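Chain and residue survey
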Amino acid sequence: MSTAVGTSAVARNTAWSVAGHVISMAIPLIMTPLVIRYVPLAEYGFWIALNSLAAWFSHFDIGFWGGLTREVADRRSRGDVAGLRRLWVTWLAYDLVVGALICAVVIALSRWIVPAVAPGLGFSLGSTVLALLAVQSVLMPLLRHLGNTLNGLQRMDLTNRLSILMAPLSAAGLVAF
């Protein structure tokens, strides 16, 4: 890599990293007053419980992401394009299959979950919210794996762009539910 290209990549990655951190720090500053203002005290517990459940569901990848960056970087350094494809297909297939199963189970059990945790919400609204939270939870590991793959490929600019895109979308999901 030439010095000009290397300097350009560092500058680009640094700029996107700073932008990502600024947005990540700004989201809670914006969210806190919105939550205080718009989430009634009587519903706050339900809101927290659902979001905690959604966060718990997002750990279905059982830690695959831990070594993913290293594995991608290793295959990239060896020029193992076939290995990179197998790795990508493996985590994508796992995320989609297990994610679909989680969504199906949550939707099937919503008949019992909604009345148990939110009796005053109503089944239609409660089951819709629960299903959307399940989908959001399934997307989190998928995006985490994509981000780790991009890190392994040393595309920090794309990783930070992904973070910049996802931070407001995640916050919007919290507010919407």
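The present account deals with the structure reproduced in this document. Note that this is a predicted model, so its numbers are computed, not measured.

**Observations regarding the nonpolar core**
One broad rule of soluble globular proteins: the nonpolar side chains tend to lie buried together. Ranked by size, the top nonpolar core spans 14 residues in total, and within it Leu-50, Ile-102, Val-106, Leu-130, Leu-133 and Val-138 carry the most contacts. If you list the elements that add at least two residues to this core, you get helix H2 (41-57), helix H4 (81-117) and helix H5 (123-152). Residues in contact with Leu-50, not counting those within four places in the same chain, are Val-129, Leu-130 and Leu-133. Counting residues in each nonpolar core, the second largest holds six residues, with Ile-27, Val-35, Val-39 and Trp-47 among its members.

**A few points about the packing of aromatic side chains**
This structure, assessed with the given rule, holds one aromatic pair. Measuring from ring centre to ring centre gives 6.3 Å for Trp-88 and Trp-91, while their planes differ by 75 degrees; the resulting arrangement is edge-to-face. Pair noted here: Trp-88 and Trp-91 are both in helix H4, with a separation of three residues, about one helical turn.

**Digging into the pattern of salt bridges**
In the structure shown here, the tally under the stated rule is five salt bridges. Where Arg-70 meets Glu-71, a salt bridge forms, and the shortest distance between an N and an O atom there is 3.5 Å. The class for Arg-70 is exposed, based on a relative accessible area of 56%. Judged by its relative accessible area of 27%, Glu-71 is partly exposed. For Arg-155, the salt bridge goes to Asp-157, with nearest N and O atoms at 2.7 Å. A relative accessible area of 1% places Asp-157 in the buried class. Three or more residues are tied together by salt bridges with common partners; here these are Arg-70, Glu-71 and Arg-75.

Reading the values: the criteria
- Residues numbered from 1 in each chain as written.
- Predicted model: local features only at pLDDT ≥ 70, side-chain atom pairs only at ≥ 80, totals over all residues.
- Heavy atoms only, no water.
- Core = buried A, V, L, I, M, F, W, Y, C linked by side-chain atoms within 4.5 Å.
- Buried < 20%, exposed > 50% of the residue type's maximum accessible area, 1.4 Å probe, protein only.
- Helix = DSSP H or I, 4+ residues; strand = E, 2+ residues; numbered from the N terminus.
- Contact = heavy atoms within 4.5 Å.
- Phe/Tyr/Trp six-rings, centres within 6.5 Å; stacked < 30°, edge-to-face > 60°.
- Salt bridge = Lys/Arg side-chain N within 4 Å of Asp/Glu carboxyl O.

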